[in-house]
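# Structural overview
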Amino acid sequence: RGEGPYASYGRKLQRSIVEALQKDPRTRSSNFNLTNLRLFPDDFGRISKVNLGSSTGDPARDEAIREILRTLQLPEPPAGIPKPIHLRVIVRRPNG
């Protein structure tokens, strides 16, 4: 399939992040893209640093995203995964 050894983990992260951002009242009513998100997790999946790469266009939302992600418990990263972890995350308002 042409995927790297960490592609499955990256998909899990994307799902976890999108779910967390769609649940939080500070971010759930917005559509936005995080095209160059960089996460610095420890070996247990706790995020110590978040770099959005670029603004969503709303400084308050940017800070809310950082806060949400810093408190998110991610799945434990596979051994040897390069850090930071680079992701592209697309968040859409949940239906309903």
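Structure: above.
Now for a look at the structure at hand. (Residues numbered from 1 in each chain as written. Predicted model: local features only at pLDDT ≥ 70, side-chain atom pairs only at ≥ 80, totals over all residues. Heavy atoms only, no water.)

This next bit is on the overall build of the chain. What the chain contains, in helices and strands, is two helices and three strands. Start at the N end of the chain and walk to the C end: the helices and strands fall as α-β-β-α-β. Taken over C-alpha atoms, the radius of gyration comes to 13 Å for the chain, in line with the 12 Å a tight globule of 96 residues would show. Over its C-alpha atoms, taken along the principal directions, the chain stretches across nearly 35 × 30 × 20 Å. (Helix = DSSP H or I, 4+ residues; strand = E, 2+ residues; numbered from the N terminus. Rg over C-alpha atoms; globule rule 2.2 N^0.38 Å.)

Below, the discussion takes up the packing of aromatic side chains. In the structure shown here, the tally under the stated rule is zero aromatic pairs. Residue placement shows Lys49 over the ring face of Phe40; its charged tip is 5.1 Å from the ring centre. (Phe/Tyr/Trp six-rings, centres within 6.5 Å; stacked < 30°, edge-to-face > 60°. Lys NZ or Arg CZ within 6 Å of the ring centre and 35° of its normal.)

Another point: unusual backbone geometry. Residues Lys83 and Pro84 are joined by a peptide bond in cis, for which omega reads 5 degrees. In this fold, Pro84 is placed in the loop between helix 2 (59-71) and strand 3 (85-91).

Moving on: the pattern of salt bridges. Side chains that carry opposite charge are capable of pairing whenever their charged atoms lie near each other. Across all of its chains, the model carries six salt bridges by this definition. Residue Asp43 pairs with Lys83 through a salt bridge whose shortest N-O separation is 3.2 Å. Note that Asp43 is positioned in the loop between strand 1 (32-41) and strand 2 (47-51) and Lys83 in the loop between helix 2 and strand 3, a separation of 40 residues in sequence. The residue Glu63 makes a salt bridge to Arg70 at a minimum N-O spacing of 3.4 Å. On the basis of relative accessibility, which here comes to 32%, the residue Glu63 falls in the partly exposed class. In this structure Arg70 comes out as partly exposed when scored by relative accessible area, which is 36%. Among the charged side chains, a network of salt bridges with common partners joins Asp24, Arg26 and Glu67. (Salt bridge = Lys/Arg side-chain N within 4 Å of Asp/Glu carboxyl O. Buried < 20%, exposed > 50% of the residue type's maximum accessible area, 1.4 Å probe, protein only.)

The next point concerns the sheet that holds strand 3. Taking strand neighbours across the sheet as the criterion, the three strands line up as 2-1-3 in an open arrangement whose pairing is antiparallel. Of all strands in the sheet, those bounded by a partner on one side alone are strand 2 and strand 3. Ignoring which end each strand starts from, the neighbouring axes of this sheet average 35 degrees apart. Across six bridges, the pairing between strand 1 and strand 3 is antiparallel. Within the sheet, the bridge partner assigned to Phe32 lies in strand 3 and is Val91. Strand contacts of helix 1 (residues 7-23): strand 1 and strand 3, with the helix running at about 45 degrees to strand 3, the strand carrying the most contacts. (Pairing = 2+ DSSP bridges. Axes fitted to C-alpha atoms, helices over the stretch in contact; angles between N-to-C directions. Contact = heavy atoms within 4.5 Å.)

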